Each structure stands twice: as structure tokens, then as C-alpha cells.
2 protein chains.
Amino acid sequence: MKNGEVTIEGHTLGECTKSILPVRDALEVLSGKWKLPIIISLMFGNKRFSQIAREVPGITDKMLSKELRDLECNELVKRTVFDSIPVVVEYSLTEYGHSLKVVIEVLREWGSKHRERMMVEA
Amino acid sequence: MKNGEVTIEGHTLGECTKSILPVRDALEVLSGKWKLPIIISLMFGNKRFSQIAREVPGITDKMLSKELRDLECNELVKRTVFDSIPVVVEYSLTEYGHSLKVVIEVLREWGSKHRERMMVEA
DNA sequence: TGTTTAACTATCCTTTTGTATAGTACTTAC
DNA sequence: GTAAGTACTATACAAAAGGATAGTTAAACA
């Protein structure tokens, strides 16, 4: 086996399998129903907790707080606490978070076409 | 309210919320750990059940058969049975399935960079 | 004859995800 | 004083996703 070969459980992977891996990595960070919607909401500007909750249709407080924590861990979202009275917490996208813009645009375009397609069929 | 306004539960949606909807539509079809990996595998050519199972790392037969059915429902994948002896079943991407190529490419690129980033940090 | 391959399905179980509901501590508006 | 808003956390629960293991039918291979 040459140096630099990608392996899993001891055997060399095929081209196809290898090209799946990075997509899987992306999927892991963006998985679930809410992460991309939250990120999209923050692309429109910095927001406070309840503002995001209002803009992402159907999300509950619990999910929002959990997903924001996940996104913070992955350095896609930044949480800033202003120690005014009362305390104000603001969420914003990091630069890294903004790098998802292309991904979101492509998904939005595909999603639009998909929705149209469904309409026509129904 | 003007004609053509998008609403949910009776009130007009903001720009941000509206731009979330198509992404949510896309996410619904592509949700889960396995759908994109399976589609990627089929982008490399038509395949039989066990071939896909071998190329998508970690998938079980159960998951594969379920996900293939889902993808067939959404017209992304076509299932062809050749009534040879023994029966041979071949899976292929439909033209619509191929329209996901851009999505996958963008995700792969982002995923690669993400993986690199993780490496450097660790 | 026993094993292997192909293409699944079935069953059981665990984990993850998501929902519903309530509660807290503080502040401003009425 | 009461209600409402802000930014959450806590608890309990239901549903969906995923995993482990085994079984089926039928042919081919050794």
C-alpha cells in the first residue's frame, strides 16, 4: 500500500468510497432539521434568541438552545453577552459560518426546483 | 395581503423565513446519514445492491434497502429488475438524481476544508 | 454436502431527535 | 400589581433513525 492511501478497517478504499468521506464530514456538522435554517437566519444579520425563534418556523426554545450550542462548538456561530441590564445575548455567524453561504445557495436553488416539481405532479 | 404572499398560520412571512423554506424542502429529501452517500455511489455508475453496500462505508442492508426505496419514491433513483436467472437488480440515478451533482460537489468541497480545519486544530 | 453470493425482509433494541409543558429571574410597560 | 418580554433550563415523553443479528429463497461453487 502506498503512503497516503485512505483506508478503513484495514483495506484500501475505492474512488467512490473516498469521495463519500468529505460529504459525510459536512453532513455531520450540518445534520438535523434546524442547523441550516438557523444559519440562514443569522446570514440576514446578528440576532437575539427570541428573534431567531420567531424566524425559524416551528422550532422550539429547547431545540434552538441546543442547536445554537452545537453550532458554537463547531465555531460556526458566536455568542456574545452584553452585560447591560437586562443582559442581552446576541448570536452571530463567524467568518467560518459565512463560508456556508455557497452550500446554502445551492441547496436553496435545488429545493426551489424540487418544490416546483412536486407542485406540478400533485 | 397581496396575492402570492407566502404565509404560515395566518401571518405573512419575513424575507429570512421565506428563504429558509426551499432549503427545508431540499433537506427533507436528502435527510439522514445515508441518502447522499448512496447517490454519490450511483454517480460512479449503475450498481447492484451488494455493490452499493460495499462502497458506502458502514451502511447495513436494512438501511440501504430502506433508503433506496425512499430515493425511488422521490424519483432520484431507478430500480431495474432483469429477469435473468438468477434475478439481477440494478440501481441507477434518474436524470433528476443527476441534478444533485452540484449540491454534492459543493458539499464535498466544504467538507474537505472542514476536515482540514479539524486536523489543524487537533 | 456445505458454503458462498445475491437481494432482500424481520425482529429487537438503542440512540438521537423532536415535542409539550412548565418554570425561573429579571425588567419594563400598563 | 399584573402582564408580557428576554433568555433560557428542566422534565417527561413520543417518534424517528439507526444498529445488530438472523432468516429467506435460490442458484453456483468446491
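Structure first, text after, so check above.
About the cut-offs
Residues numbered from 1 in each chain as written. Chains lettered and ligands numbered in written order. Predicted model: local features only at pLDDT ≥ 70, side-chain atom pairs only at ≥ 80, totals over all residues. Heavy atoms only, no water. Core = buried A, V, L, I, M, F, W, Y, C linked by side-chain atoms within 4.5 Å. Buried < 20%, exposed > 50% of the residue type's maximum accessible area, 1.4 Å probe, protein only. Contact = heavy atoms within 4.5 Å. Near = heavy atom within 4 Å. Polar contact = N/O pair within 3.5 Å; in protein donor to acceptor, adjacent residues only side chain to side chain. Helix = DSSP H or I, 4+ residues; strand = E, 2+ residues; numbered from the N terminus. Nonpolar A, V, L, I, M, F, W, Y, C, P; charged D, E, K, R; others polar.

Chemist: Which residues make up the nonpolar core, and what values do they have?
Modeler: Ile 38, Ile 39 and Leu 107 of chain A together with Ile 38, Ile 39 and Leu 107 of chain B are the most contacted members of the largest nonpolar core, which has 61 residues in total. Excluding residues that lie within four positions of it along the chain, Ile 38 of chain A makes contacts with Ile 52, Val 56, Ile 59, Leu 64, Glu 67, Leu 68 and Leu 71 of chain A.

Chemist: If you had to explain the protein's contact with DNA strand D to someone new, which residues and values would you point to?
Modeler: Within the structure, DNA strand D sits among 17 residues, and Arg 48, Asp 61, Arg 79 and Tyr 91 of chain A together with Lys 62 of chain B are positioned closest to it. When atoms of DNA strand D within 4 Å of the protein are split into backbone and base, the sugar-phosphate part holds 63%. A distance of 3.0 Å is found between a base nitrogen of DNA strand D and a side-chain nitrogen or oxygen belonging to Lys 62 of chain A. Looking at the surface near DNA strand D, the elements that each hand over two or more residues are helix 3 (49–55), helix 4 (61–73) and strand 5 (88–93) of chain A together with helix 4 (61–73) of chain B. Per-element accounting of the surface near DNA strand D gives the leading share, four residues, to helix 4 of chain A. Residues belonging to the surface near DNA strand D are distributed by class as follows: six nonpolar, three polar and eight charged.

Taken by themselves, the reported measurements are silent on function.
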